[in-house]
Amino acid sequence: MTQEKSLASHTYTVELRFMGPQLEPTDISRRLHLVASAELSPVGGQVGTRRRDPFWAYNGKGEIGFQSEWESLEAGLQFLLGSLRSRKSKIVAIAQESRAIWWCGHFQSSFDGGPTLSADLMTEIGSYGIPLSIDNYFSEA
């Protein structure tokens, strides 16, 4: 982590996620021709004492321009959408068969703001019919 990045009071992570009791992560990877950045298969779906539905997640790792954390949520989502745009019809079809979200992690060390998203970005995200979820996490720097 660079000195400049360590001083940022807000950073973001972005993923497209599919979840559901009947979901087969390997099937999602095959249909989209992508390697998941994270997944939980039906076998081994137990996490601690609670059962979790299988899931498949993709954050663009391995693509040109990938960052594990973004200083702008808009930039992170634009990157992810750019990586997935050619697969839109397949993503929409999969989202109709399972639960899907655009998942964003918002990591903050101060309470002085948060993300701003352009109307164009929100329109494109909305065109997939998939909800946007922003999870907020606070940690002192």
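Quick caveat, the model's predicted, so the values are computed rather than measured.

Next up on the list: the overall build of the chain. The helix and strand inventory of the chain stands at five helices and seven strands. Helices (α) and strands (β) of the chain occur, in sequence order from the N terminus, as α-β-α-β-β-β-β-α-α-β-α-β. When contacts within the chain are restricted to residue pairs at least 6 apart in sequence, long-range pairs at least 24 apart make up 76% of them.

The full count for this structure, using the stated rule, is six salt bridges. Residue aspartate 27 is joined to arginine 31 by a salt bridge in which the shortest nitrogen-to-oxygen separation is 3.7 Å. Taken together, the positions of aspartate 27 and arginine 31, both in helix H2 (residues 25–32) and four residues apart, correspond to about one turn of that helix. When its relative accessible area of 22% is taken as the criterion, arginine 31 is described as partly exposed.

This next bit is on the environment of threonine 116. Assignment of secondary structure puts threonine 116 in the loop between strand S6 (99–108) and helix H5 (119–126). According to the relative accessible area criterion, threonine 116 is exposed, its value standing at 65%. Taking C-alpha positions, threonine 116 is 8.4 Å from serine 72, a pair spaced 44 residues apart along the chain.

What follows is about the sheet that holds S6. As summarised here, the arrangement of the five strands in space is S2-S5-S1-S6-S7, forming an open sheet in which the pairing is mixed. Bordering the open sheet on either side are strand S2 (38–40) and strand S7 (132–138), each of which pairs with just one other strand. With strand direction ignored, the average angle separating the axes of adjacent strands in the sheet is 20°. Here S6 pairs with S7 via seven bridges, running parallel. Counted as the bridge partner of tryptophan 102 is leucine 132 from S7.

On to the packing of helix H3 (residues 73–84) against H5. Two elements in contact, H3 and H5, have axes separated by 11 Å at closest approach and are oriented at 40°. With respect to each other, H3 and H5 are oriented oblique. Considering how the two elements wind past one another, H3 and H5 form a crossing that is left-handed. Here Glu74, Leu77, Gln78 and Leu81 of H3 come into contact with H5, specifically with Leu121, Glu124 and Ile125. Its residues assigned to classes, the contact of H3 with H5 shows four nonpolar, one polar and two charged.

This next bit is on the packing of aromatic side chains. Any two aromatic rings considered together are summarised by their centre-to-centre distance and by the angle between their planes. In total, this model carries six aromatic pairs according to the counting rule given. Judged by centre distance (5.3 Å) and plane angle (35°), the rings of tryptophan 70 and phenylalanine 79 are tilted. Residues tryptophan 70 and phenylalanine 79 agree in their burial class; the two are buried. Each ring, one from tryptophan 102 and one from tyrosine 128, has its centre 5.2 Å from the other, and the planes form 90°; the classification is edge-to-face.

To continue, consider the confidence of the model for the chain. In this model, the chain carries an average pLDDT of 88, and 87% of its residues clear a pLDDT of 70 or more. Note that pLDDT drops below 50 for residues 1–7; the model gives that stretch seven contacts with residues more than four away or on any other chain.

Reading the values: the criteria
Residues numbered from 1 in each chain as written. Predicted model: local features only at pLDDT ≥ 70, side-chain atom pairs only at ≥ 80, totals over all residues. Heavy atoms only, no water. Helix = DSSP H or I, 4+ residues; strand = E, 2+ residues; numbered from the N terminus. Contact = heavy atoms within 4.5 Å. Salt bridge = Lys/Arg side-chain N within 4 Å of Asp/Glu carboxyl O. Buried < 20%, exposed > 50% of the residue type's maximum accessible area, 1.4 Å probe, protein only. Pairing = 2+ DSSP bridges. Axes fitted to C-alpha atoms, helices over the stretch in contact; angles between N-to-C directions. Parallel < 35°, antiparallel > 145°, perpendicular 65-115°, else oblique. Left-handed = near helix turned anticlockwise from the far one by under 90°. Nonpolar A, V, L, I, M, F, W, Y, C, P; charged D, E, K, R; others polar. Phe/Tyr/Trp six-rings, centres within 6.5 Å; stacked < 30°, edge-to-face > 60°. pLDDT = per-residue confidence, 0-100.

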